[in-house]
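Notes for the structure review
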Amino acid sequence: MKNIKKLLLALLIVATATFTAFAEMKPVKYVFLFIGDGMSIPQRMMAERYMQLSGQGGLAINAMKNQAITYTNSASSFITDSAASGTAIACGEKTRNGTIGLNAKGEKIESIAYVAQKAGKKVGIITSVTINHATPASFYGHNQSRSNYYNLGLDMIESGFDYFAGGGVNKNDDKKNKEYKGDIYDLAKKAGYKVFVEIDNDDFKKLNSKSGKIMAFGSKEDIPYAIDADDDDLILADYVRKGIEVLDNPNGFFIMTEGGKIDWMCHANDAATVIKEVIDFDKAVKVALEFAKKHPDETLIVITGDHETGGLTLGFAGTGYTSYIDRLSLQKCSINVFVKKISKMRKELRKDGKRLYFKDVKPLIEEKFSLKFSGDEKHPMYVSEEDQEKLKKAFIEKKSFGRALTHLFDNKAGVAWTSGAHTALPVNTTATGKGAENFNGAIDNTDIAKLLKQAVK
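Residues numbered from 1 in each chain as written. Predicted model: local features only at pLDDT ≥ 70, side-chain atom pairs only at ≥ 80, totals over all residues. Heavy atoms only, no water.

1. Some remarks on the overall build of the chain
Counting its regular elements, the chain contains 16 helices and 14 strands. Against the 2.2 N^0.38 benchmark of 23 Å for 457 residues, the chain shows a C-alpha radius of gyration of 23 Å, consistent with a compact globule. For the chain, the C-alpha atoms occupy an extent of roughly 65 × 65 × 45 Å along the three principal directions. Residues classed as buried in the chain amount to 54% of the 457 residues present. Put simply, 74% of the contacts in the chain that link residues at least 6 apart link residues at least 24 apart. As displayed, the chain has an accessible area near 20,300 Å², and 51% of this comes from carbon and sulfur atoms. Counting 64 positive and 57 negative side-chain charges, the chain places the centres of these two groups 2 Å from one another. (Helix = DSSP H or I, 4+ residues; strand = E, 2+ residues; numbered from the N terminus. Rg over C-alpha atoms; globule rule 2.2 N^0.38 Å. Buried < 20%, exposed > 50% of the residue type's maximum accessible area, 1.4 Å probe, protein only. Contact = heavy atoms within 4.5 Å. Areas by Shrake-Rupley, 256 points an atom, 1.4 Å probe, with all protein chains shown as cover. Lys, Arg positive; Asp, Glu negative; His and termini not counted. Charge placed at Lys NZ, Arg CZ, Asp CG, Glu CD.)

What follows is the structure, given as structure tokens:
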């Protein structure tokens, strides 16, 4: 009985603290929300350790004083998808997996971005993946299915938000769609947007606060992975910096930035590319932090993840209590780029009626992953005969060869994966600036929207 009373008292204290926190949340002129898709505590800690070992210090997102463990379940599942979690973070209500901007009953619900817009703030939506993907779409769209990309593109235009940037519109000219009205880009231009697809650096630099409403996409699809990007490619930090420039005004702004490709590479179980994506995401946050230094009493920065992807574990039976995260620096490209190179090699040989054999791709594996198939068997990157046979089998059967390769490589760094899908792990929400003290303890992902809706008013 005593234990039950203690539990009830604890719950009452938590409920009271939550109510008090919400009641004290005051309006903030500049609000930044950063969402690392698929990013939970393991992804953040792996990147942190990598940076420490490479002499780069640590992640800015991990150094923030205010931190809250955040629960991510959806209305339909213990394990959420990005549509349901994106909607929870954006709108403050749980919904079913696959649903955008609607509650579990199918009713439209309002996002932080719309609340900010009504309050006279300018709004920016930025992502490294396609702009009508689940997470960014949750801030402007309303649809029963996250896969209705064209319809979400129409919602994007209708929102009237001021700045969309990063990856382009998926299925922008879907003529098979029942609601087809024309190419999304053309419709956006008619609606008054300046639209740039595969924008070059010169045009990007020219954009400013006098440019009006902008859609600035660095690619027709997603922007390049950080590990594969060229020096002149625009990165997430560039889009945030430009967003600040074009959106700053006397009423302030709300900017949501998604590091969407963290999730994609967690699905692929590619730890090295995940690290580079998290670091790239952190660079974007640092742009906001620099802005906050100039407006310390007017800025709130919140960082969260929508869910964990891949069941990442920072430890592997084969390396015991020792990890070698720095070995991940030996990988020279994303697994996506690597697999495309293999496909290209197959096609070239097929033209001449030839086949590609595993022995033919070994040199490429050695070049891009620094794995060794001969020489000193005690070398840390040496591939045993048993592991070579596993790789060869995956290559011949064309079944998850990329994943077999990343698992082998990641294991040598003391990193492992339990899944190619999402998990129910909680994520970490960190915050700094005005009102940041409200993001502490244990919260639900819907609490982020509830708090930020007050902040943007």
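2. Some thoughts on the packing of helix α12 (residues 335-351) against helix α15 (residues 401-411)
α15 packs onto α12 with a crossing angle of 130° between their chain directions and a minimal axis gap of 10 Å. In terms of orientation, α12 and α15 fall into the oblique class. Between α12 and α15 the crossing geometry is right-handed. Judged by residue contacts, I335, F338 and V339 of α12 engage F401, G402, L405 and T406 from α15. (Axes fitted to C-alpha atoms, helices over the stretch in contact; angles between N-to-C directions. Parallel < 35°, antiparallel > 145°, perpendicular 65-115°, else oblique. Left-handed = near helix turned anticlockwise from the far one by under 90°.)

3. Remarks on the packing of helix α13 (residues 358-369) against α15
Direction vectors running N to C along α13 and α15 enclose 45°, while the axes themselves pass 13 Å from each other. What the angle tells us is that α13 and α15 run oblique. Handedness of the crossing formed by α13 with α15: right-handed. Of α15, the residues touching α13 (which contributes F358, I365 and F369) are F401, L405 and F409.

4. Some thoughts on the confidence of the model for the chain
Residues of the chain with pLDDT of at least 70 account for 95%, and the chain-wide mean is 94. Contacts of residues 1-21 to residues separated by more than four positions or lying in other chains number two contacts, the stretch itself having pLDDT below 50. (pLDDT = per-residue confidence, 0-100.)

5. A closer look at the pattern of salt bridges
Scanning the model with the defined rule gives 13 salt bridges in all. For D81, the salt bridge is made with R146, and the minimal N-O distance between the two is 3.2 Å. Of this pair, D81 sits in the loop between β2 (66-71) and α3 (82-91) while R146 is found in the loop between α5 (134-137) and α6 (149-159), placing the two residues 65 residues apart along the sequence. Taken as a pair, D81 and R146 share a single burial class, namely buried. The shortest N-O distance in the salt bridge between D238 and R241 comes to 3.4 Å. Pair noted here: D238 and R241 are both in helix α9 (residues 236-247), with a separation of three residues, about one helical turn. (Salt bridge = Lys/Arg side-chain N within 4 Å of Asp/Glu carboxyl O.)

6. Focus: a positive patch on the surface
A cluster of basic side chains, namely K347, R350, R355 and K398, defines a positive patch on the protein surface. Checked against the element boundaries, K347 lands in helix α12. Taking relative accessible area as the criterion, K347 reaches 53% and is therefore assigned exposed. (Patch = residues over 30% accessible without salt bridge, like charges linked within 9 Å, V, L, I, M, F, W, Y side chains within 5 Å.)

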